[in-house]
Amino acid sequence: MNAGENRLLRGSQVLLAVGAVTFLAALATGLAERAWQAYLLNFLLWTGVAQCGVIFAAAYQVTRGQWGDALRRMGESLSFFLPVSLLLFLVMMLFGAPSIFPWAAHPVEGKQHWLNVPFVTLRDLAAFLLVFGLSAAYVYYSQRPALRAALAGGRVPRSRMAERWAAGPEDDARCAERTRVLAPVLLIAFGLSFSLIGFDLVMSLDPHWYSTLFGWYFFVGAFYSMLAFLAVAAAVLRKPWGLERHLTAGQSHDLGRLLFGFCLLTGGFFWAQWLVFWYGDLAEEITWVVRRYHEGPFVALAWLMPYGGFVLPLVILLSKALKRDRRRLMAVAIWIFLMMWLERYIWIVPSIWKGDGAPLAVELLISAGFLGGFCWGWLSYNRRLPVAALAALPAARHHH
């Protein structure tokens, strides 16, 4: 591990410690509600980033992409977090559900058979196991041929995990075929599973509110967040991970175009949902909107999110020169990621928090801990399976 990685690793460990101490202190001082709402917010954010990294790789496979193999391998490597996410989900449902979900302590008449902790836990666990299992199988077969070659060439540190992974009986052609079959199945399972997760873990926070668009909006927004995270990581880790030949201005431009496209798509879903609320004018929908956008302490933050997360990036990302400059693209991507964190804050906190003001300090510190833990895990994973050793160089081509 080089000096740059060491600095990032130490910084990640410090952030993790700060977040963990804040979470435990909040539980110990009577702020359990705030601790668990921050936990749910970050669980959804980072689970979405990790899962959508694999979805990015699967979509790259389905579309036969050849423009950024290093980005595809970076996306696949984000799967390291999925087992952690499963554990975080179980901890949340076992210990945090009464502080998060209003129906956990006070069943909703007519919905008590659907909204109860055991049933929600079981069905969401099944959804996670389905999409996480398919993701593990996809990454397993996608990386095996590259891992075999990397081990043979001495580009990957020898370990029991790497040697077992590479030693399977399937040849490269069989691995490629299984990857081709798994990719579209994974994409469909992701859409279905994450729609359910969005309904159960976000929409149910206001048991009488519903939106048939929310499932789509939820998983498309998760993909948008992942692209922003990937753009930041590509700029920060390019040199520490030895990816200079893999991540050129051309790859930055392509990633910027994807970010632009999903800015437009996610913003479109936001507007479509808002339009339905406006012309429907139904009490069960308007109450949710009023608490966030018209009354109370969240109004300024709520309006900042769509303008900051969709309108402003949409204008800025029209620039081709900016998209080809990885540092400027990174700055825009950091802003987008912060806005997508704020989006989840606006979804979750007004539904749980009943005090005065918009609580932020505890939520930001716990979020810093999740960021540190995620980055620490990813950096450690890359030591065992370096992205640079598994990625093929992009084909030479002209960018217009």
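Our structure is the block above this text.
Read on for an overview of the structure. (Residues numbered from 1 in each chain as written. Predicted model: local features only at pLDDT ≥ 70, side-chain atom pairs only at ≥ 80, totals over all residues. Heavy atoms only, no water.)

### Considering the overall build of the protein
Across its full length, the protein carries 16 helices and 0 strands. Taken over C-alpha atoms, the radius of gyration comes to 21 Å for the protein, in line with the 21 Å a tight globule of 400 residues would show. Overall, the protein is about 60 × 45 × 40 Å in size when its C-alpha atoms are taken along their principal axes. Relative to its 400 residues, the protein shows a buried fraction of 54%. Averaging the locations of the 34 positively and 23 negatively charged side chains of the protein gives two centres separated by 13 Å. (Helix = DSSP H or I, 4+ residues; strand = E, 2+ residues; numbered from the N terminus. Rg over C-alpha atoms; globule rule 2.2 N^0.38 Å. Buried < 20%, exposed > 50% of the residue type's maximum accessible area, 1.4 Å probe, protein only. Lys, Arg positive; Asp, Glu negative; His and termini not counted. Charge placed at Lys NZ, Arg CZ, Asp CG, Glu CD.)

### Comments concerning the environment of W241
Following the sequence through the fold, W241 ends up in the loop between α9 (214–236) and α10 (249–280). Using a relative accessible area of 6% as the deciding quantity, one classes W241 as buried. With near-sequence residues (within four places) excluded, W241 lies in contact with E5, M74, W378, L379, N382, V387 and A388. Within the local environment of W241, its side chain forms a polar contact with the side chain of E5, the two groups lying 3.0 Å apart. (Contact = heavy atoms within 4.5 Å. Polar contact = N/O pair within 3.5 Å; in protein donor to acceptor, adjacent residues only side chain to side chain.)

### Remarks on the layout of surface pockets
Within this model, the largest pocket holds a volume of roughly 690 Å³. Lining the largest pocket are 32 residues; nearest its centre among them are W46, F229, V232, F337 and L371. Looking at the lining of the largest pocket, the elements with two or more residues in it are α1 (3–28), α2 (32–62), α9, α12 (299–316), α14 (326–352) and α15 (361–384). Across the lining of the largest pocket, the residue classes tally to 27 nonpolar, 4 polar and 1 charged. (1 Å grid on protein atoms, 1.4 Å probe; cavity = no way out; pocket = protein on both sides within 12 Å on 5 of 7 lines; lining within 4 Å. Points joined across faces, edges and corners; volume = space filled by probe spheres on them. Nonpolar A, V, L, I, M, F, W, Y, C, P; charged D, E, K, R; others polar.)

### Focus: α1
A rise of 1.5 Å per residue sets the reference length of α1, with its 26 residues, at 38 Å; its end C-alpha atoms lie 38 Å apart and thus fit the reference within 8%. Among the residues of α1, those classed as buried are G4, E5, L9, S12, G19, T22, F23 and A26. Summarising the contacts, the buried residues of α1 are in contact with α2 and α15. (Expected span 1.5 Å × (residues − 1).)

### So, the environment of L71
Secondary-structure assignment places L71 in helix α3 (residues 69–77). For L71 and Q251, which are 180 residues apart along the polypeptide, the C-alpha to C-alpha distance reads 8.5 Å.

### Thoughts on α12
Between the first and last C-alpha of α12 there are 25 Å, a value that for 18 residues agrees with the 26 Å anticipated at 1.5 Å per step. The largest bend along α12 measures about 35 degrees and falls at G308. Of the surrounding elements, those touching the buried residues of α12 are α9, α10, α11 (283–293) and α14. (Bend = angle between axes of the 7 residues up to and from the residue.)

### Comments concerning the nonpolar core
Of all hydrophobic cores here, the largest spans 140 residues; its most connected members are M74 and M92. Per element, the largest residue contribution to this core is 19 residues, and it comes from α2. Once residues within four sequence positions are removed from consideration, M92 is found in contact with W36, Y39, L40, F43, A97, I100 and L201. (Core = buried A, V, L, I, M, F, W, Y, C linked by side-chain atoms within 4.5 Å.)

### Digging into the side chain of S79
Position of S79 among the secondary structure elements: in the loop between α3 and α4 (82–100). Only 2.6 Å separates the side chain of S79 from the backbone oxygen of E76, close enough to count as a polar contact. The residues contacting S79, other than those within four sequence positions of it, are A50, V54 and V139.

### Brief notes about the packing of aromatic side chains
Within this structure, the stated rule accounts for 52 aromatic pairs. Their ring planes at 40 degrees and their centres at 5.9 Å tell us that F218 and W347 sit as a pair that is tilted. On the criterion of sequence distance, the pair formed by F218 in helix α9 and W347 in helix α14 is long-range, its members being 129 residues apart. Judged by its relative accessible area of 3%, W347 falls in the buried class. Here R34 stacks its cationic end above the ring of W353, 5.7 Å away from the centre of that ring. Of note, R123 hangs over the ring of F119, and the distance from its end group to the ring centre comes to 4.6 Å. (Phe/Tyr/Trp six-rings, centres within 6.5 Å; stacked < 30°, edge-to-face > 60°. Lys NZ or Arg CZ within 6 Å of the ring centre and 35° of its normal.)

### Quick notes on the packing of α1 against α2
Remark: α1 packs on α2, axes separated minimally by 7 Å, with the N-to-C direction vectors making an angle of 145 degrees. Of the residues in α2, those touching α1 at F23, A26 and L27 are A32, A35, W36 and Y39. Looking at the contact of α1 with α2, its residues break down into 7 nonpolar, no polar and no charged. (Axes fitted to C-alpha atoms, helices over the stretch in contact; angles between N-to-C directions.)

### A few points about the pattern of salt bridges
A side chain of one charge can pair with a side chain of the opposite charge if their charged atoms are brought near each other. Per the stated rule, a full pass over the model turns up 13 salt bridges. R148 is paired through a salt bridge with D172; the nearest N and O atoms lie 3.2 Å apart. Note that R148 is positioned in helix α6 (residues 117–152) and D172 in helix α8 (residues 172–201), a separation of 24 residues in sequence. Given the relative accessible area of 42%, D172 is considered partly exposed. Residue R328 is joined to D325 by a salt bridge in which the shortest nitrogen-to-oxygen separation is 3.5 Å. Residue R328 is classed as partly exposed on the basis of its relative accessible area, which comes to 40%. On the basis of relative accessibility, which here comes to 28%, the residue D325 falls in the partly exposed class. It is possible to trace a salt-bridge network through shared partners that takes in D69, R72, R73 and E76. (Salt bridge = Lys/Arg side-chain N within 4 Å of Asp/Glu carboxyl O.)

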